[in-house]
Amino acid sequence: GFWGGVLRAMSPPQSMLDMFKGASSLLVLFLLTVNMFRGAGSALWWNRYMVYPMTYVVAMQLGRGEHLLPSLAVGTLLRYIVNLLFTILSKLDWFAEPRRINRANPPADQHERELDWDGPVILSPVAFVLVDAVTPLLREETVVPLSWWGILVMFLGHYLITEPIYYAFHRILHLPNVYKASHSHHHASTVTEAISGTSHPMAETFGYLANFSFPFLLPAWLGVFSYGLVPIYFVFFDVLNCVGHCNFEAIPPWMQLGPMKYFVYTSAYHSLHHTKYKFNYCLFCPIWDYLGGTVHPTTDELHGQVLAQKPRRLDAVFLAHAHGLHSMLHLPWFSPYLATHQHEVRWWMKPLQPFNFIWALFCRYFIDTTCIQRYQFRGTECATWCLPVTAHFYFMRSQREAIFEMILKAVRDADDAGVRYLGLAHLNKAEWINHGGCDIVSRLEEHRKIRVVHGNTLTAATVWQALRQYTEPQDEVVFAGSTSKIGRALCILLARRGNIVHMITGCQERFEKIRADAGEEAGKKLVRMKTYEEGKGRRHWVIGKQMSDESIKELIPPGSLIVDFAVPHVPQEVATAYRYVNGAALNYSRRDTDLTFCHDVPNTMPACLAATIIHAREDRGEHEVGEIEVEDVEGWWDRAVKNGFSLSCIEPNQAGRCIAPSAGGSGSDSGKAEAGVRAKLA
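Residues numbered from 1 in each chain as written. Predicted model: local features only at pLDDT ≥ 70, side-chain atom pairs only at ≥ 80, totals over all residues. Heavy atoms only, no water.

S.K.: Pulling in residues and values, what's your account of the overall build of the protein?
M.R.: Looking only at helices and strands, the protein features 30 helices and 14 strands. If one aligns the C-alpha atoms of the protein with their principal axes, the spans along those axes are about 95 × 85 × 50 Å. In the protein, which comprises 682 residues, the proportion classed as buried is 53%. Contacts in the protein between residues far apart in sequence, at least 24 positions, make up 70% of those at least 6 positions apart. (Helix = DSSP H or I, 4+ residues; strand = E, 2+ residues; numbered from the N terminus. Buried < 20%, exposed > 50% of the residue type's maximum accessible area, 1.4 Å probe, protein only. Contact = heavy atoms within 4.5 Å.)

Set out below in structure tokens:
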């Protein structure tokens, strides 16, 4: 009636509502786009992927570009696949090492900075929708079936328009003020990854998107644009972009014969641009550099050298293994970024666990030992190899013999490759697998020159150094995991020092043997505890066997000393309530190594890996397997310090935050930080 008529009169026209909805959607899309370039440190940064559904919403509300979305979706998916494939190839040692251009690993912070690599991938569909909204060139009625003529015109648009514009634009980006304001973000990566080529700030990305539109606009202008051109060009572009940044030579010599060298660049060609800066500016087509006189004189020579080089000979190999199912996603060929971070279950990994389980089974039965990362430590060539076996397989009796044979094969393969020392990670030296490496040594043929290292002596030395620094001889120490190889050596050392050691163990026989090994007087200092609860309230603990977070909080008073060498370790959120030293992890200077793979604790190195490196650097020429020689422990700490390693400590301050020696500091810096922690503990 009357009021209905009034309401209808007051209601805005439908066209105004549509305009408001469209403007609101465009504003949201703009804000999401700006947020994309705030950096991975932003709490809202991962909202960048909301650009995809928002692009669909804008297309629907504007009534423009929706007909392009299926081909854009296919092309975008193919772009992710191409970049993933090149990332995998660049991390597969057997494939990339003989062809590697820069034989150093990118720093870990580069992987975080380059998380913005898919910005142009995300924004390309936006660009298509906006072009269709403001011009008639891409309208649905103008689209024709895919033809060879359309493909030819697309490539003409690339080589005759995009390439020369890119060369000129790139030269401008290297002007001092422009470089400092924008392009330095990209050139911060001197050792490039496959995805480095699309990591740029916002304004630069917009410039590239505008330039890369010509291979589509030219066919559209000539009436030969088709949906199929979108995935074809996307794949073409990303393949060549990855070729220039993947850090392995992907172009064979025959593709540089005759005039082809002017139209196809090489991986080494663009790698020189990231190290020489003022040369080799072209996109993919070197003719513009030749015309501009900006080809680096060593370009052809470097290409030939890289293709002729041999793999580096390794001095030391550390044989690791997978942790839980989630650790399968922390491998560098899946995510170089996650590979530099602690292995933990993130929220988005939980839905992937069934696939991880299938992948773990496949790896166990069909994948051989794989090189995770090569690195050098003070000039010593090292690598971490991984047995493709998750931890739960090690505890299955039916799997133990097979795992032992896999470890033995890896040792033989390493010896065949000229490796001098091979270190064993946690479960690869388990007593029930190979008795701390003894069974491996007994099975090696006489001609084998490789030496096997369990590294337990340095782990014991690290814990012992922490106990010497942060306890006095009159302190009583509770010891969980006291009857292990490392625990035995430490209990004997503590008892001989004068400490009363409360050994938590259910095995009376093993306890009595350790007491006897300690000697008559020192043995009196060793006291058996049958349960953890008997140590409640004591303020000096050594944890060599996993304790639950709840048990630690219940039994150990806040502010107490915990020296931890268990695997897995005490979580940091628990450790920060205590005076905490990780005895199984050592700090090192990042200037000493290009290691970026996180084996366990971020910014540290497992003590058993450090021991393997020290064996190789000092070329000790001996196996380190079986029981620990107690008399060798203190000498091993001296070797660790000599080679640049230091304790990894955490101590709560009044604000509840933790203070720790910087893993990025020099040896002297770490020493100062360590001294500061000692002063606080005192």
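S.K.: Describe the nonpolar core, listing the residues and the values that go with them.
M.R.: The biggest cluster of nonpolar side chains holds 119 residues, and the ones touching the most others in it are F225, L458, L526, M605 and F645. Per element, the largest residue contribution to this core is 9 residues, and it comes from helix α12 (residues 229-245). Aside from chain neighbours lying at most four places away, what touches L526 is C491, A495, V501, M503, F511, I514, R515 and A518. Among the nonpolar cores identified, the runner-up in size contains 29 residues, and L319, L387, A410 and A430 belong to it. (Core = buried A, V, L, I, M, F, W, Y, C linked by side-chain atoms within 4.5 Å.)

S.K.: So, the packing of helix α23 (residues 485-497) against helix α24 (residues 508-518): which residues are in play, and what are the values?
M.R.: Their axes nearest at 9 Å, the elements α23 and α24 cross at an angle of 45 degrees. On the basis of their axis angle, the class for α23 and α24 is oblique. Crossing geometry of α23 relative to α24 is assigned as right-handed. Contact residues: K485, R488, I492 and R496 in α23; R510, I514, D517 and A518 in α24. Residues of the contact of α23 with α24, tallied by class, amount to 3 nonpolar, no polar and 5 charged. (Axes fitted to C-alpha atoms, helices over the stretch in contact; angles between N-to-C directions. Parallel < 35°, antiparallel > 145°, perpendicular 65-115°, else oblique. Left-handed = near helix turned anticlockwise from the far one by under 90°. Nonpolar A, V, L, I, M, F, W, Y, C, P; charged D, E, K, R; others polar.)

S.K.: Quick rundown of the sheet that holds strand β2 (residues 370-377)? Include the residues and the values.
M.R.: Strand order in the open sheet formed by 5 strands is β2-β3-β1-β4-β5, with mixed pairing between adjacent strands. Strand pairing shows two members of the sheet lacking a second neighbour, β2 and β5 (451-453), which therefore form its edges. Strand-to-strand twist in this sheet, taken as the mean axis angle between neighbours without regard to direction, amounts to 25 degrees. (Pairing = 2+ DSSP bridges.)

S.K.: Help me get a handle on the confidence of the model for the protein, residues and values and all.
M.R.: In this model, the protein carries a mean pLDDT of 91, and residues with pLDDT of at least 70 account for 93%. Ignoring residues within four places in sequence, the model shows residues 653-682, a span with pLDDT below 50, making 48 contacts including any to other chains. (pLDDT = per-residue confidence, 0-100.)

S.K.: Tell me about helix α3 (residues 51-62), residues and numbers included.
M.R.: Over its 12 residues, α3 extends 16 Å from the first C-alpha to the last, a length consistent with the 16 Å expected when each residue adds 1.5 Å. Among the residues making up α3, those that are buried are V51, M54, T55, V58 and A59. Here the buried residues of α3 occupy an arc of 140 degrees about the axis, which is enough to place them on one side. In the segment just after α3, G63 is the residue with positive phi, at about 70 degrees. (Expected span 1.5 Å × (residues − 1). Arc of directions from axis to C-beta.)

S.K.: Talk me through the packing of aromatic side chains; I want residue IDs and the actual numbers.
M.R.: Summed over all chains, the structure comprises 31 aromatic pairs. Seen from their ring centres, F86 and F248 are 6.4 Å apart, and the 15 degrees between their planes marks the pair as stacked. A residue pair is termed long-range when its members are at least 10 positions apart, and F86 in helix α4 (residues 69-91) and F248 in the loop between α12 and α13 (267-276) qualify at 162 residues. Residue class for F86 comes out buried when judged on its relative accessible area of 13%. Residues F334 and W359 carry aromatic rings whose centres are separated by 6.0 Å and whose planes lie at 70 degrees to one another, so their mutual orientation is edge-to-face. Of the two residues, F334 sits in the loop between β1 (316-321) and α16 (336-339) while W359 sits in helix α17 (residues 353-366), which places them 25 residues apart along the sequence. Classification of F334 by relative accessible area gives partly exposed; the value is 35%. One residue, R79, lies across the ring of F234, its end atom 4.8 Å from the ring centre. Here the guanidinium or amino end of R99 rests over the ring plane of F95, the centre of that ring lying 4.5 Å away. (Phe/Tyr/Trp six-rings, centres within 6.5 Å; stacked < 30°, edge-to-face > 60°. Lys NZ or Arg CZ within 6 Å of the ring centre and 35° of its normal.)

S.K.: Can you break down empty space enclosed by the protein residue by residue, with the values?
M.R.: By the definition in use, this model includes 3 cavities of 30 Å³ or more. By volume, the largest cavity amounts to about 310 Å³. Surrounding the largest cavity, 28 residues form its lining, S90, K91, R100, N105 and Q373 being those nearest its centre. Elements with a minimum of two residues in the lining of the largest cavity: α4, α16 and β2. Looking at the lining of the largest cavity, the element that brings in the most residues is β2, giving 5 residues. For the lining of the largest cavity, the residue count by class is 11 nonpolar, 9 polar and 8 charged. (1 Å grid on protein atoms, 1.4 Å probe; cavity = no way out; pocket = protein on both sides within 12 Å on 5 of 7 lines; lining within 4 Å. Points joined across faces, edges and corners; volume = space filled by probe spheres on them.)

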